[in-house]
Amino acid sequence: MSRSRADALHLTINATGWRLAVGAAELEHVDATGLTDAQALARSFDGAKVDTAGSISRTLWVTVDDPWARSFTVAPPQGLRSFDELKACAQARLKQLYGDDAAAWSIRADWRGGGPFAATALPTVLERAVRSWCQRQGWVLGALRPSWVAALSGQHSVTSDRWWVLGTRDQAATVRTERGRIRREHVARHLLADHTRPRA
């Protein structure tokens, strides 16, 4: 099934809470304005029950907006290629840039090695809450990713070497792809956006 199908289930998590929709039709909206703790946001999924009997799709696509996501570039020392080594580099980079305890974050990246790579991180407690909620609803989780990754994935071809400029509701990203892989990226909040960054 195409991710752009109008009957697909889309969950958007942003600074004001979360919204579940099928196409343009909103099924559920939870206001979490003012929350600065990922654990509190995760608890908002407890007991949430949504009737999706009218939806054809049982696959849930999740987009997580800034400020709940982290995005950064990792430049590991030459020669490092094992998963454990590259993950340790990514964890150290997350700590260096944001001051966050890596244990509280689920980090994703292209772990094949061979040079600098882009990485993203989502609060582990939030990811677990979404996965558990998805399971209780009887859905299949299609993707759980930051908004700029979702925007890039919406492009039909990323096989050539080029820069991409992506804009979402509250952030912009520049991404460099080389031979179909993300090599460099930079994510910035829009100037008019709220710069308060919740804690994990």
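Going by the structure above, here's the rest.
Rules and cut-offs
- Residues numbered from 1 in each chain as written.
- Predicted model: local features only at pLDDT ≥ 70, side-chain atom pairs only at ≥ 80, totals over all residues.
- Heavy atoms only, no water.
- Helix = DSSP H or I, 4+ residues; strand = E, 2+ residues; numbered from the N terminus.
- Buried < 20%, exposed > 50% of the residue type's maximum accessible area, 1.4 Å probe, protein only.
- Polar contact = N/O pair within 3.5 Å; in protein donor to acceptor, adjacent residues only side chain to side chain.
- Expected span 1.5 Å × (residues − 1).
- Arc of directions from axis to C-beta.
- Salt bridge = Lys/Arg side-chain N within 4 Å of Asp/Glu carboxyl O.
- Pairing = 2+ DSSP bridges.
- Axes fitted to C-alpha atoms, helices over the stretch in contact; angles between N-to-C directions.
- Contact = heavy atoms within 4.5 Å.
- Core = buried A, V, L, I, M, F, W, Y, C linked by side-chain atoms within 4.5 Å.

**Some thoughts on the side chain of Arg70**
Secondary-structure assignment places Arg70 in strand 5 (residues 70-74). With relative accessibility at 2%, the residue Arg70 sits in the buried group. A distance of 2.8 Å separates the side chain of Arg70 from the side chain of Asp100, its partner in a polar contact.

**Focus: helix 2 (residues 83-98)**
Given a rise of 1.5 Å per residue, 16 residues ought to cover 22 Å, and the 22 Å separating the end C-alpha atoms of helix 2 matches this to within 8%. Among all positions of helix 2, only Leu86, Cys89, Ala90 and Leu94 are buried. Buried positions in helix 2, seen along its axis, are confined to an arc of 140 degrees and lie on one side of it. Facing away from the buried side of helix 2 by over 90 degrees, the exposed positions are Asp84 and Gln96. Looking at the residues trailing helix 2, positive phi occurs at Gly99, about 75 degrees.

**Considering the pattern of salt bridges**
As enumerated under the stated definition, the model contains 5 salt bridges in all. Between Asp100 and Arg70 there is a salt bridge, with the nearest N and O atoms lying 2.8 Å from each other. Linking Asp100 in the loop between helix 2 and strand 6 (105-109) with Arg70 in strand 5, this pair joins segments that are 30 residues apart in sequence. One exposure class covers both Asp100 and Arg70, and it is buried. Residues Arg108 and Glu127 are paired through a salt bridge, measuring 2.9 Å at the closest nitrogen-oxygen approach. Here Arg108, found in strand 6, pairs with Glu127, found in helix 3 (residues 124-137); they are 19 residues apart in sequence, far enough to count as distant. Relative accessible area serves as the criterion here: at 26%, Arg108 is assigned to the partly exposed category. Glu127 gets classed as buried once you look at its relative accessible area, which sits at 11%. Connected through salt bridges with shared partners, the residues Arg108, Glu127 and Arg131 form a single ionic network.

**Digging into the sheet that holds strand 7 (residues 117-123)**
Reading across the sheet, the 3 strands line up as 5-7-6 and stay open at both edges, with antiparallel pairing between neighbours. A strand with exactly one partner marks an edge of an open sheet, and here the two such strands are strand 5 and strand 6. Within the sheet, the average angular offset between the axes of one strand and its neighbour, ignoring direction, is 30 degrees. With 5 bridges connecting them, strand 5 and strand 7 associate as antiparallel partners. Bridging from a neighbouring strand, Phe72 pairs with Ala119 of strand 7. Across the sheet, helix 2 touches strand 5, strand 6 and strand 7, and the angle it forms with strand 5 is around 120 degrees.

**Some remarks on the nonpolar core**
Residues Leu11, Ile13, Trp18, Phe45, Leu60 and Trp133 are the most contacted members of the largest nonpolar core, which totals 27 residues. Every element with two or more residues in this core is listed here: strand 1 (9-14), strand 2 (17-22), helix 1 (38-43), strand 4 (59-64) and helix 3. Ranked by residue count, the leading element in this core is helix 3, at 5 residues. Ranked by size, the runner-up nonpolar core spans 12 residues in total, among them Leu94, Ala102, Phe117 and Ala119.

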